[in-house]
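The chain contents come next:
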Amino acid sequence: MNRERSFHKSLLIFFLALCVCSFIYSGEFPAGEYAERRNKLKEKIGNAVAVITSAPVYIRNGDVEYEYRQGSNFYYLTGFEEPKSAALIDGLSGRFILFVQPKNPALEIWTGEIYGIEKTKEKFGADECYDISEFDSFLSSLNKRKIYYPKSDNELSKKIPVESEGYDLNPLIAEMRLIKSEYEIAQLKKAIDITSSALIETMRQATPGIYEYELQAIVEYNFRMGGSKRNGFPSIVGSGKNSCILHYTSNNRKTEDGDIVLMDVGAEYNYYTADITRTFPVNGRFSEEQRIIYEIVLKAQKEAINIIKPGARFYQIDSVARAVIKNELVGLGLLKPDENVMKFFMHGTSHWVGLDVHDAGSYDSPDGIRRGQILRPGMVLAVEPGIYISENSGVDKKWHNIGVRIEDDVLVTENGCEVLSSALPREATEIEKIMKR
Ligand code: GLY
Ligand code: MN
């Protein structure tokens, strides 16, 4: 009898696990995931109410709009992608209310389907759903309530009733976004896999004389064909001297034999973005100087990743990478011992990655240590040391125009960390091997 019961119990656990997994990977709208986030927020706000509006639509020119993307915080709480909407989460009554554009057949001829009130309520799990035109008066009825709203939103700030107590919603959501759920990690893994395959394909097709924008086209074509509808950020493709420009996005130079190419790119998948950088020689073989610099950056990255585990502090990642780069550059005679390594490594080593490429979440620790955030399982961060030697650096010419950055995305786990982009080779010899093909 006991054996039978435990068999049934195992079967039930197996079945539940199967449901969770198939739900995570099915691609259907994960209503439970969003409900859980809102429940966590309710716990944080107590008997206050939280209000947030969708991202604005920006006009490019005439009647052409910039590509629309929902605001990350709004999307995080609702999963709703349409503009001209607002969400309200009431900690007191527990209600989740959405305000959306009503159906409009004339407009839908141009824009495609608008969810409208009924369908939104059903699909997005709202307790109530109203026409967005009712939002302002609803908001005024909240006078005397404690209201959390994004203080960065000037339009919404103006509408908060003066008699209410206003608090900033952004830090609460940022705290939640810092720890990724299983569902979020699955989306990030997909974005990272798409980006990794696209970078391999781009390295295979690179050849001297190719334009930077052609390399961009190859990588982004492969993003789209891999299932990513949008980039997480503008692609950085810098060859030769452009490899030393940290956020170079003009991508208009023709590469030359002997150039190094730095590609910092990320496909977005279900709003989650990868952030990966690979640096490779356009002719398929690193020069002696390029290889020396490459190996230093790789060593710095490996040592920095090695210390990532629960309990480590955020700034330690940068300290480790910076120390390796400083020692090695001093050893090479490119840097004097009393010079700041910032001369060649001008940016930080890490940042959070998630819905935004530089994701939400404090870098400071709760006990007030600057950049001393304590790493916890579920955090995802980029580790991207670099060395950039421009023509103005004052060192021997043979080192000029070598910009190297190596960037991978790392998940903090219970016991250490997992490099989510580990399938994408980063050893110099492996990169040369890919390019030979
Ligand atoms: N991928 C660009 C950056 O991290 O700044
Ligand atoms: Mn980055």
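Just so it is clear, the model here is predicted, and its values are computed rather than measured.

The helix and strand inventory of the chain stands at 13 helices and 20 strands. Once the C-alpha set of the chain is aligned to its principal axes, its extents read approximately 70 × 70 × 45 Å. Within the chain, buried positions represent 50% of all 437 residues. Pairs at least 24 apart in sequence give 66% of the contacts found in the chain among residues at least 6 apart. When the 54 basic and 62 acidic side-chain charges of the chain are each reduced to a single mean position, those positions are 3 Å apart.

This next bit is on the site of ligand 1. Neighbouring residues of ligand 1: Phe 233, His 247, Asp 264, Asp 275, His 351, His 358 and Glu 384. His 247 has a polar side-chain atom sitting 2.6 Å from an oxygen atom of ligand 1. At a separation of 3.1 Å, an oxygen atom of ligand 1 approaches a polar side-chain atom of His 351. Protein contacts shield 92% of the accessible area of ligand 1, which totals 200 Å² for the unbound molecule. Tallied by class, the residues present in the shell around ligand 1 amount to 1 nonpolar, 3 polar and 3 charged.

In this model, the chain carries an average pLDDT of 95, and 94% of its residues clear a pLDDT of 70 or more. Low pLDDT (under 50) marks residues 12–25, which in the prediction has 9 contacts with non-local residues, meaning those over four places away or in another chain.

Let us now look at the packing of helix α11 (residues 288–306) against helix α12 (residues 314–332). Running from N to C, α11 and α12 point in directions that differ by 150°, and their axes come no closer than 8 Å. Classified by the interaxial angle, the pair formed by α11 and α12 is roughly antiparallel. Crossing geometry of α11 relative to α12 is assigned as right-handed. Along its contact with α11, which presents Ile 292, Ile 293, Ile 296, Lys 299, Ala 300, Glu 303 and Ala 304, the element α12 presents Ile 317, Val 320, Ala 321, Val 324, Ile 325, Glu 328, Leu 329 and Leu 332. Of the residues contributing to the contact of α11 with α12, the split by class is 12 nonpolar, no polar and 3 charged.

Moving on, we get to the side chain of Asn 231. As for its position among the elements, Asn 231 is in strand β9 (residues 230–231). Here the side chain of Asn 231 touches Glu 220 through a polar contact of 3.0 Å, side chain to side chain. Among residues more than four places away in sequence, those in contact with Asn 231 are Glu 220, Phe 223, Arg 224, Gly 266 and Glu 268.

Here we come to the pattern of salt bridges. Across all of its chains, the model carries 30 salt bridges by this definition. For Glu 33, the salt bridge goes to Arg 37, with nearest N and O atoms at 2.9 Å. Remark: Arg 37 and Glu 33 occur in helix α2 (residues 31–45); sequence separation between them is 4 residues, near one turn of the helix. Like Glu 33, the residue Arg 37 is buried in the burial classification. For Arg 313, the salt bridge identified is with Asp 367, shortest N-O distance 3.6 Å. Placement of the pair is Arg 313 in the loop between α11 and α12 and Asp 367 in the loop between β15 (350–352) and β16 (380–383), with a sequence separation of 54 residues. Each of Asp 90, Arg 95, Glu 128 and Arg 145 takes part in salt bridges that share partners, so that together they form one network.

Ordered in space as β15-β16-β19-β20, the 4 strands form an open sheet in which the pairing is antiparallel. Only two strands of the sheet have a single partner each, and these edge strands are β15 and β20 (417–419). Neighbour-to-neighbour, the strand axes of this sheet turn through a mean angle of 30°, independent of strand direction. Relative to β20, strand β19 (residues 408–412) runs antiparallel, the two being bridged by 3 bridges. For Leu 411, the partnering residue across the bridge sits in β20 and is Glu 418.

What follows covers the environment of Gln 216. With respect to the secondary-structure elements, Gln 216 resides in helix α10 (residues 212–225). The contacts of Gln 216, once residues within four sequence positions are left out, are Ser 235, Val 237 and Asn 251.

Here the manganese ion (ligand 2) is held by the protein donor atoms Asp 275 (OD), His 351 (NE2), Glu 384 (OE) and Glu 407 (OE), which lie 2.0 to 2.3 Å from it. Here the donor residues of the manganese ion (ligand 2) are spaced in sequence according to D-x75-H-x32-E-x22-E. One end of the pair, Asp 275, is in the loop between β13 (272–273) and β14 (276–281); the other, Glu 407, is in the loop between β18 (402–405) and β19, with 132 residues separating them in the sequence. Each of the two residues, Asp 275 as well as Glu 407, counts as buried.

Attention shifts here to the packing of aromatic side chains. If you walk through the whole model with that rule in mind, you get 17 aromatic pairs. Centroid distance Tyr 115 to Phe 124: 5.2 Å. Interplanar angle 90°. Geometry classified as edge-to-face. The class of Tyr 115 is partly exposed, set by a relative accessible area of 23%. Taken together, Phe 29, Tyr 34, Tyr 75, Phe 80, Tyr 115, Phe 124 and Tyr 271 form an aromatic cluster joined through their ring pairs. One residue, Arg 38, lies across the ring of Phe 96, its end atom 3.7 Å from the ring centre.

What follows is about the packing of α2 against helix α8 (residues 170–178). Closest axis-to-axis distance for the α2/α8 pair is 11 Å, and the angle between their directions is 130°. Taken together, α2 and α8 sit at an angle that is classed as oblique. Between α2 and α8 lies a crossing of right-handed hand. Note on element contacts: α8 touches α2 through Leu 172, Glu 175 and Met 176, opposite Arg 37, Lys 40, Leu 41, Lys 44 and Ile 45.

Procedures and definitions
- Residues numbered from 1 in each chain as written.
- Chains lettered and ligands numbered in written order.
- Predicted model: local features only at pLDDT ≥ 70, side-chain atom pairs only at ≥ 80, totals over all residues.
- Heavy atoms only, no water.
- Helix = DSSP H or I, 4+ residues; strand = E, 2+ residues; numbered from the N terminus.
- Buried < 20%, exposed > 50% of the residue type's maximum accessible area, 1.4 Å probe, protein only.
- Contact = heavy atoms within 4.5 Å.
- Lys, Arg positive; Asp, Glu negative; His and termini not counted.
- Charge placed at Lys NZ, Arg CZ, Asp CG, Glu CD.
- Near = heavy atom within 4 Å.
- Polar contact = N/O pair within 3.5 Å; in protein donor to acceptor, adjacent residues only side chain to side chain.
- Areas by Shrake-Rupley, 256 points an atom, 1.4 Å probe, with all protein chains shown as cover.
- Nonpolar A, V, L, I, M, F, W, Y, C, P; charged D, E, K, R; others polar.
- pLDDT = per-residue confidence, 0-100.
- Axes fitted to C-alpha atoms, helices over the stretch in contact; angles between N-to-C directions.
- Parallel < 35°, antiparallel > 145°, perpendicular 65-115°, else oblique.
- Left-handed = near helix turned anticlockwise from the far one by under 90°.
- Salt bridge = Lys/Arg side-chain N within 4 Å of Asp/Glu carboxyl O.
- Pairing = 2+ DSSP bridges.
- Donors = N, O, S within 2.8 Å, 3.2 Å for Na, K, Ca; no water.
- Phe/Tyr/Trp six-rings, centres within 6.5 Å; stacked < 30°, edge-to-face > 60°.
- Lys NZ or Arg CZ within 6 Å of the ring centre and 35° of its normal.

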